[in-house]
Amino acid sequence: MFDKIAGRVLIPVGVVVTGFLVVCFALLYSAIKEVVLRDSIAQANNLAGIVLKSTRFAMLKSDRDTNDAIIRNIAEQKGVQHVRIFNKKGVISFSSKPGEAGQQVDIKAEGCVICHAGKEPITTLGPMQKARTFKNVQGMTIMAITAPIYNEPECANAACHFHPAEQLVLGTLDIGLSQQTTLESLASIRGEMYLFAILTLLLTMAGVITVLKMIVLAPMQKLIDYTEISQQQLDLPHPDDLPYELDKIAKSYYLMKERLGRLGSGPDEPRER
Amino acid sequence: MEQAAKEKDIPLAPGAERSASLRAALLAEIGEARRQANRGLYALSLFLMVSTLAWREFWFLPPPERLVASLGPPPRPMVISLVLVVYTFSAIVLSLSRMMSGIKHKSSFCHVGYLAIFFLFYYCAGGLADNYWAVFGAGFTILCVESYRIWNFCSATIHRKHEQLAYLERTGHLPPEETEHLDGHE
């Protein structure tokens, strides 16, 4: 394979085109994935904000039934896996899953440790820090947002249940969203990229093979045929439809053969100089 | 044995001595070219080893946070990716131009170093998992092209030297255009 011109041309072209496409598509996919996940986190943060705003009035009124109803209704929405509200001590006050309310969570758990890693818990988090990804028991990828519920003047001054004004965070909202749709979209983008890469590679190789065959290999085969036939047929004229370089070789071969023929025809003939 | 010793003592004629030394020089060059033909594959193997370490997320290194704390923040993964594309493109073009001009450049080990640095930058920037295949693809492509170039160059050299050797054994001297080169080599 390496002895033939086609092999020597196609192997480096194939390796270079395939390799560069793989690098570009891998980097492009990584950039797209980052953008999609960042957008997904931004949307989840917005949703967490909506949930907090929806429950705010019921919390101010200390209306547990309304809060429970709001959280249950939100959790019924497609893609929402869980909604929980924790109090300051890490006890689940409200949950979309029956039976979870009243349970204490470990402060070292993944969603809590972001703020509670140090002695003093962090009170503000960036949108990306609020997000965490994990797999649930069904093997589904879930992205959860842990949003702090801040103390506000209305909360500190409320007559129903008093929070001291110096307490910055009253609790946290934890909302889990299925990543199934996002992952399916990413898989679809990946599949399309594989398809484009294969098509580009096939087209490049087909283009190279066609041009190579048309410009180099076919005229060369003609030249090879000519040299082989001319060994038996001495008066064969040189082919006239070869490209410039091969035509020069054919002409040189023709002249050389002619001179050798003249030399071989008789010793009395004068030699050309 | 005695006969052989006597033959050894017989001084070679100047022409034969020169021919023998040229033959030895040609054989040495063929041996050298044979050794160099595999250098691209050695570089590729070394890169595969580095890639294996990167695949296992450089378990023997301190965590990225500690490295960032002591060395300072790395560039963002997007910037590293842009540099990787430019590097891959330049390295392939350079290798192809060397192939086209028939320039003798024996080694491609420096590329293994550059690629290991890309792996380390991604590791520190926290983007190794997402960009592993990009660096692997870049390295594999560059080193395959380099291996092919080195192997091709060495094969051509070996072929040429064999032809010269055959000519030398036939005529007792090198082809006219090569005499100057080997005289200079000696």
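Residues numbered from 1 in each chain as written. Chains lettered and ligands numbered in written order. Predicted model: local features only at pLDDT ≥ 70, side-chain atom pairs only at ≥ 80, totals over all residues. Heavy atoms only, no water.

### Describing a nonpolar patch on the surface
Residue and element names in this part refer to chain B.
Phase 1: Taken together, the side chains of Tyr42, Leu46, Met49 and Phe109 define a hydrophobic patch exposed on the protein surface, amounting to about 390 Å² of accessible area.
Phase 2: Among the elements that line the nonpolar patch, the one with the most residues is helix H3 (residues 39-55), at 3 residues.
Phase 3: As for its position among the elements, Leu46 is in helix H3.
Phase 4: Given the relative accessible area of 34%, Leu46 is considered partly exposed. (Patch = residues over 30% accessible without salt bridge, like charges linked within 9 Å, V, L, I, M, F, W, Y side chains within 5 Å. Areas by Shrake-Rupley, 256 points an atom, 1.4 Å probe, with all protein chains shown as cover. Salt bridge = Lys/Arg side-chain N within 4 Å of Asp/Glu carboxyl O. Helix = DSSP H or I, 4+ residues; strand = E, 2+ residues; numbered from the N terminus. Buried < 20%, exposed > 50% of the residue type's maximum accessible area, 1.4 Å probe, protein only.)

### Some words on the interface of chain A and chain B
Phase 1: Contacts between the two partners involve 14 residues from chain A, matched on the other side by 21 residues from chain B.
Phase 2: When chain A packs against chain B, the two sides together hide about 1500 Å² of surface, and 77% of this comes from carbon and sulfur.
Phase 3: Considering only the surface of chain A that becomes buried against chain B, Phe20, Val23 and Leu27 of chain A emerge as the three largest contributors, covering 34% of it.
Phase 4: The interface formed by chain A and chain B holds 1 salt bridge in total.
Phase 5: Summed over the shared surface of chain A and chain B, the number is 2 residue pairs in polar contact (both at pLDDT 80 or more).
Phase 6: Its residues assigned to classes, the side of chain A that touches chain B shows 10 nonpolar, 2 polar and 2 charged. (Contact = heavy atoms within 4.5 Å. Buried area = accessible area lost by both parts, 1.4 Å probe. Polar contact = N/O pair within 3.5 Å; in protein donor to acceptor, adjacent residues only side chain to side chain. Nonpolar A, V, L, I, M, F, W, Y, C, P; charged D, E, K, R; others polar.)

### Let's talk about the environment of Asn136 of chain A
Residue and element names in this part refer to chain A.
Phase 1: Following the sequence through the fold, Asn136 ends up in the loop between strand S3 (131-135) and strand S4 (141-150).
Phase 2: Under the relative-accessibility criterion, Asn136 is labelled buried at 16%.
Phase 3: Once the C-alpha coordinates of Asn136 and Val51 are considered, the two residues, 85 residues apart in sequence, prove to be 22 Å apart.
Phase 4: With residues near it in sequence (within four places) discarded, Asn136 still touches Gln81 and Ile142.

### Regarding the pattern of salt bridges
Pairs can form between side chains of opposite charge once their charged atoms are near each other.
Phase 1: Applying the stated criterion to the full structure yields 9 salt bridges over all chains.
Phase 2: The partner of Arg23 of chain B in a salt bridge is Glu169 of chain B, and the shortest N-O contact between them spans 2.7 Å. In this pair, Arg23 of chain B sits in helix H2 (residues 14-36) while Glu169 of chain B sits in helix H7 (residues 128-171), placing the two residues 146 residues apart along the sequence.
Phase 3: One connected set of salt bridges, linked through shared partners, spans Arg84, Arg132 and Asp174 of chain A.

### Points about the pairing of S3 of chain A
Phase 1: Examined bridge by bridge, S3 of chain A and S4 of chain A share 5 bridges and lie antiparallel to one another. Residue pairing across strands places Thr133 of chain A opposite Met143 of chain A, the latter belonging to S4 of chain A. (Pairing = 2+ DSSP bridges.)

### Some thoughts on the packing of aromatic side chains
Phase 1: All told, the structure shown has 17 aromatic pairs over all chains when counted by the stated rule.
Phase 2: Summarising the aromatic geometry, the rings of Tyr226 of chain A and Tyr253 of chain A are spaced 5.8 Å apart at their centres and angled 75° between planes, so their arrangement reads as edge-to-face. Of the two residues, Tyr226 of chain A is situated in helix H5 (residues 180-232) and Tyr253 of chain A in helix H6 (residues 244-265); the sequence distance between them amounts to 27 residues.
Phase 3: Ring geometry for Phe58 of chain B and Phe60 of chain B: centres 6.2 Å apart, planes at 90°, overall edge-to-face.
Phase 4: Residue class for Phe58 of chain B comes out buried when judged on its relative accessible area of 5%.
Phase 5: The rings of Phe47, Trp55, Phe119, Tyr132, Trp133, Phe136 and Phe140 of chain B are connected pair by pair, giving a single aromatic cluster.
Phase 6: Arg56 of chain B extends its terminal NZ or CZ atom over the ring of Trp59 of chain B, reaching a point 4.6 Å from the ring centre. (Phe/Tyr/Trp six-rings, centres within 6.5 Å; stacked < 30°, edge-to-face > 60°. Lys NZ or Arg CZ within 6 Å of the ring centre and 35° of its normal.)

### So, the nonpolar core
Phase 1: Counting 32 residues, the largest nonpolar core has Leu84 and Phe119 of chain B as its most contacted members.
Phase 2: Taken together, the elements giving at least two residues each to this core come down to helix H1 (5-60) of chain A together with H3, helix H5 (77-101), helix H6 (109-125) and H7 of chain B.
Phase 3: Leave out the neighbours within four places in its chain, and Leu84 of chain B touches Leu27 of chain A together with Phe118, Tyr122, Ala134, Val135 and Ala138 of chain B. (Core = buried A, V, L, I, M, F, W, Y, C linked by side-chain atoms within 4.5 Å.)

### Some remarks on the pairing of strand S1 (residues 80-87) of chain A
Residue and element names in this part refer to chain A.
Phase 1: In terms of residue burial, S1 counts as a mostly covered element, since 6 of its 8 residues are buried.
Phase 2: In the sheet, S1 pairs with strand S5 (residues 169-178) via 7 bridges, with the strands oriented antiparallel. In the strand pairing of S5, Ile85 is matched with Leu173.
Phase 3: Sheet topology places S1 next to strand S2 (residues 92-95); 3 bridges connect them, and they run antiparallel. Bridging across to S2, Arg84 finds its partner in Ser95.
Phase 4: Where S1 folds back onto S2 in an antiparallel hairpin, the turn is made up of 4 residues, including Gly90, whose phi is positive at roughly 85°.

Interpretation in functional terms is not warranted from these geometric data alone.
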